[in-house]
2 protein chains.
Amino acid sequence: MNYPSKLVEDAVNEISRLPGIGKKSALRLALHLLKSEKSVTHNLTMAITDLVEKTTFCKVCHNISDTEICRICDSVKRDDSILAIVQDTKDVLAIENTAQYQGKYHVLGGVISPIQGIGPSDLQIDSLVERIRHNDAIKEIIIALSPTMEGDTTAFYIKKKLKEFNLKISTIARGIPIGGDLEYTDEITLGRSILSRIEF
Amino acid sequence: MNYPSKLVEDAVNEISRLPGIGKKSALRLALHLLKSEKSVTHNLTMAITDLVEKTTFCKVCHNISDTEICRICDSVKRDDSILAIVQDTKDVLAIENTAQYQGKYHVLGGVISPIQGIGPSDLQIDSLVERIRHNDAIKEIIIALSPTMEGDTTAFYIKKKLKEFNLKISTIARGIPIGGDLEYTDEITLGRSILSRIEF
């Protein structure tokens, strides 16, 4: 495209590097910022810079945190005996929003994916084992990973790694979503939900 | 939502101020930036800051420009006798991409919209009149505004303002889009395309 200005072109190129934003959307955003008050752009760039420069990860659960120990790990109201193992921060937020879970978390930072070159050593799995070894309070593990090939592989790997401890290990239930329609459920989900039927 | 960190919350709030980006997308973008190399974020924020701090507008056509006079106004290859009047930079880009237009532009910076409180004095209409008054080369005006209520109002206003000059004034053709289907064309467009039928 024949941009009116090198500055616009540079901005469009940088903005369109973000996931899910193409050149057209990037141009729309760039022109929006040009029309806005300068303070809007200043606040935006400062917030992004601060985010990347100052954010740290909790030393215990490896979730994103402003402090050395995150709010959840630091809370006395949370149940120390249960640990939910999740892929990343988005999943912590999703579970927190259900208000159904009062335990603590362990954030892996990804799942095992040979295609993307992510192995167990790239994830917070060794630190999980050490965490459980040094904390007798932990009695139960909920593996809350997505039911994909990578999620399942990671779950199996973690299960194997935790064999030496006397823990109750579960995964979150898979089945037909609440409000879902049998007719439109894919056959794998429906088949599994019959195999793992629950007594009524 | 219960963000894991104040920094994430701030970044999500600022990013979600952008048009078309909600809180969920903003969180996805924030977490993406956190995972990326720091240089990605640095380049992004620098490009945005430069864009807003350094971009100026062409003194002649009011399009976005790096220089006092933009590339198109400065070009000797462009036809000085025709002026296309457009709403904003996006429209200049759209017309340039067709490669069908060799004239010059005048960018209004918006259209008359009483609802949004935009009147003729907020737009580059007076400067258009002055530009035509001091440039005898201009013989033809193409009003290339969107066929909306606001676009039409602006077109009529401009036509009235330019009555004193001896100019050929046209608007871009409205009708059924090339490749469009009669059956699915809205009745106003179809009705108008019959009224303003072209000899074959």
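The model shown is predicted, which means the values in this text are computed figures rather than measured ones.

S.K.: Hey, could you run me through the interface of chain A and chain B in this one?
M.R.: It is common to give the size of an interface as the accessible area that goes away when the parts come together. Contacts between the two partners involve 51 residues from chain A, matched on the other side by 52 residues from chain B. Note on chain A versus chain B: buried area summed over both sides is about 5000 Å², and carbon and sulfur give 72% of it. Summed over the shared surface of chain A and chain B, the result is two salt bridges. Where chain A meets chain B, there are six residue pairs in polar contact (both at pLDDT 80 or more). The greatest single-element share of the side of chain A that touches chain B, amounting to 14 residues, is contributed by helix α3 (residues 38-54) of chain A. Class assignment for the residues of the side of chain A that touches chain B results in 24 nonpolar, 12 polar and 15 charged.

S.K.: What is the right way to look at the relation of the copies chain A and chain B in this model?
M.R.: Here the two chain copies are tied together by a rotation about an axis and a shift along that axis. The operation relating chain A to chain B is a screw motion whose rotation component is 180°, with 0.1 Å of axial translation and a residual RMSD of 0.1 Å. On this basis, the relationship between the two copies can be described by a two-fold rotation axis. Measuring from the rotation axis to each C-alpha of chain A, the shortest distance belongs to T45 of chain A, at 2.6 Å. When you check the interface residues of chain A against chain B, 100% turn up at the interface there too, and the contact is symmetric in its surfaces.

S.K.: What is the right way to read the nonpolar core from this model?
M.R.: Soluble globular proteins tend to pack their nonpolar side chains together in the buried interior. Residues V8, I15 and I21 of chain A together with V8, I15 and I21 of chain B are the most contacted members of the largest nonpolar core, which totals 43 residues. Counting only elements with at least two residues in this core, the list comes to α1 (6-15), α2 (23-35) and α3 of chain A together with α1 (6-15), α2 (23-35) and α3 (38-54) of chain B.

S.K.: Can you help me understand the sheet that holds strand β6 (residues 168-171) of chain B in this one?
M.R.: One key point about sheets: their strands pair by backbone hydrogen bonds, in either a parallel or an antiparallel sense. Residue and element names in this part refer to chain B. Taken in spatial order, the four strands of this open sheet run β4-β3-β5-β6, and their pairing is parallel. The open sheet has two edge strands with one neighbour each: β4 (104-107) and β6. On average, adjacent strands in this sheet sit at an angle of 25° to one another, irrespective of strand direction. Pairing of strand β3 (residues 82-86) with strand β5 (residues 140-143) involves four bridges; the strand directions are parallel. Within β5, the residue paired with I85 across the bridge is I143. Relative to the sheet, helix α6 (residues 126-133) contacts β3, β4 and β5, its axis offset from that of β4 by approximately 150°.

S.K.: Any chance you could explain the side chain of H106 of chain A here in plain terms?
M.R.: Residues and elements named next belong to chain A. Structurally, H106 is set in strand β4 (residues 104-107). Residue H106 is classed as buried on the basis of its relative accessible area, which comes to 0%. Not counting the four nearest positions on each side in its chain, H106 is found in contact with V60, C61, H62, L83, A84, I85, V86, Q124, S127, L128 and R131.

S.K.: Any chance you could explain the pairing of strand β6 (residues 168-171) of chain A here in plain terms?
M.R.: Looking along a regular strand, one sees the side chains alternate between the two faces of the sheet. Residues and elements named next belong to chain A. The sheet contact formed by strand β5 (residues 140-143) and β6 spans four bridges and is parallel. In the sheet register, I141 faces β6, and the bridge partner there is I169. For the crossover that starts at β5, traverses helix α7 (residues 149-161) and ends in the parallel β6, the hand is right-handed.

Thresholds, definitions, all that
- Residues numbered from 1 in each chain as written.
- Chains lettered and ligands numbered in written order.
- Predicted model: local features only at pLDDT ≥ 70, side-chain atom pairs only at ≥ 80, totals over all residues.
- Heavy atoms only, no water.
- Contact = heavy atoms within 4.5 Å.
- Buried area = accessible area lost by both parts, 1.4 Å probe.
- Salt bridge = Lys/Arg side-chain N within 4 Å of Asp/Glu carboxyl O.
- Polar contact = N/O pair within 3.5 Å; in protein donor to acceptor, adjacent residues only side chain to side chain.
- Helix = DSSP H or I, 4+ residues; strand = E, 2+ residues; numbered from the N terminus.
- Nonpolar A, V, L, I, M, F, W, Y, C, P; charged D, E, K, R; others polar.
- Least-squares fit on C-alpha atoms with pLDDT ≥ 70 in both.
- Core = buried A, V, L, I, M, F, W, Y, C linked by side-chain atoms within 4.5 Å.
- Buried < 20%, exposed > 50% of the residue type's maximum accessible area, 1.4 Å probe, protein only.
- Pairing = 2+ DSSP bridges.
- Axes fitted to C-alpha atoms, helices over the stretch in contact; angles between N-to-C directions.
- Right-handed = clockwise from strand over helix to strand, strands pointing away.

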